[in-house]
Amino acid sequence: MIKIKCSECETDGNISLVASNYQGPYRCWKCRGLFTIKVDNNELKSFEPLDQEEFDRQQEIEALKAKFKQH
Ligand SMILES: [Zn+2]
């Protein structure tokens, strides 16, 4: 689990990652803001606002990746 602090509302959220590196969508549970985050070695390196369209696209990519991993 990695703690992510929302830059909009300062609320801490948690995400669980399968790897120590991650770049992808994140949604704050409190303000419902959408962001692209980058985690490197279990540390949050970047946190950027994301629009809904881009969020959907990134989620599709993540879903596809997950599908491929199963086979
Ligand atoms: Zn927030």
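Small disclaimer: the values here were computed from a predicted structure and weren't measured. (Residues numbered from 1 in each chain as written. Predicted model: local features only at pLDDT ≥ 70, side-chain atom pairs only at ≥ 80, totals over all residues. Heavy atoms only, no water.)

Caption draft 1: Spatial organisation of the side chain of Gln58. By the secondary structure assignment, Gln58 is in helix α1 (residues 52-70). Other than its neighbours up to four places away in sequence, Gln58 contacts Gly24, Pro25, Thr36 and Leu50. (Helix = DSSP H or I, 4+ residues; strand = E, 2+ residues; numbered from the N terminus. Contact = heavy atoms within 4.5 Å.)

Caption draft 2: Looking closely at the pattern of salt bridges. The full count for this structure, using the stated rule, is 4 salt bridges. Lys45 serves as the salt-bridge partner of Glu43, at 3.7 Å between the closest nitrogen and oxygen. Residue Glu62 pairs with Lys65 through a salt bridge whose shortest N-O separation is 3.3 Å. Separated by 3 residues within a single helix, Glu62 and Lys65 lie in helix α1, roughly one turn from each other. Judged by relative accessible area, which is 25%, Glu62 ranks as partly exposed. A relative accessible area of 44% places Lys65 in the partly exposed class. (Salt bridge = Lys/Arg side-chain N within 4 Å of Asp/Glu carboxyl O. Buried < 20%, exposed > 50% of the residue type's maximum accessible area, 1.4 Å probe, protein only.)

Caption draft 3: The arrangement of the sheet that holds strand β5 (residues 43-49) in detail. If you trace the 3 strands from one edge of the open sheet to the other, you get β3-β4-β5, paired in antiparallel fashion. Two strands bound the open sheet, and with one partner strand each, they are β3 (22-27) and β5. Within this sheet the neighbouring strands show an average axis-to-axis angle of 25°, counted without direction. Note: β3 against strand β4 (residues 34-40), 6 bridges, orientation antiparallel. When the bridges of β4 are listed, Pro25 appears paired with Thr36. (Pairing = 2+ DSSP bridges. Axes fitted to C-alpha atoms, helices over the stretch in contact; angles between N-to-C directions.)

Caption draft 4: The arrangement of the coordination of the zinc ion in detail. Here the zinc ion is held by the protein donor atoms Cys6 (SG), Cys9 (SG), Cys28 (SG) and Cys31 (SG), which lie 2.2 to 2.3 Å from it. Because the angles between the 4 donor atoms bound to the zinc ion fall within 106 to 116°, the donor set is best described as tetrahedral. Here the donor residues of the zinc ion share one chain and are spaced in sequence as C-x2-C-x18-C-x2-C. Here Cys31 lies in the loop between β3 and β4 and Cys9 lies in the loop between β1 (2-5) and β2 (12-15), a separation of 22 residues in the sequence. (Donors = N, O, S within 2.8 Å, 3.2 Å for Na, K, Ca; no water. Tetrahedral: all angles 85-135°; square planar, octahedral: opposite > 155°, others 65-115°.)

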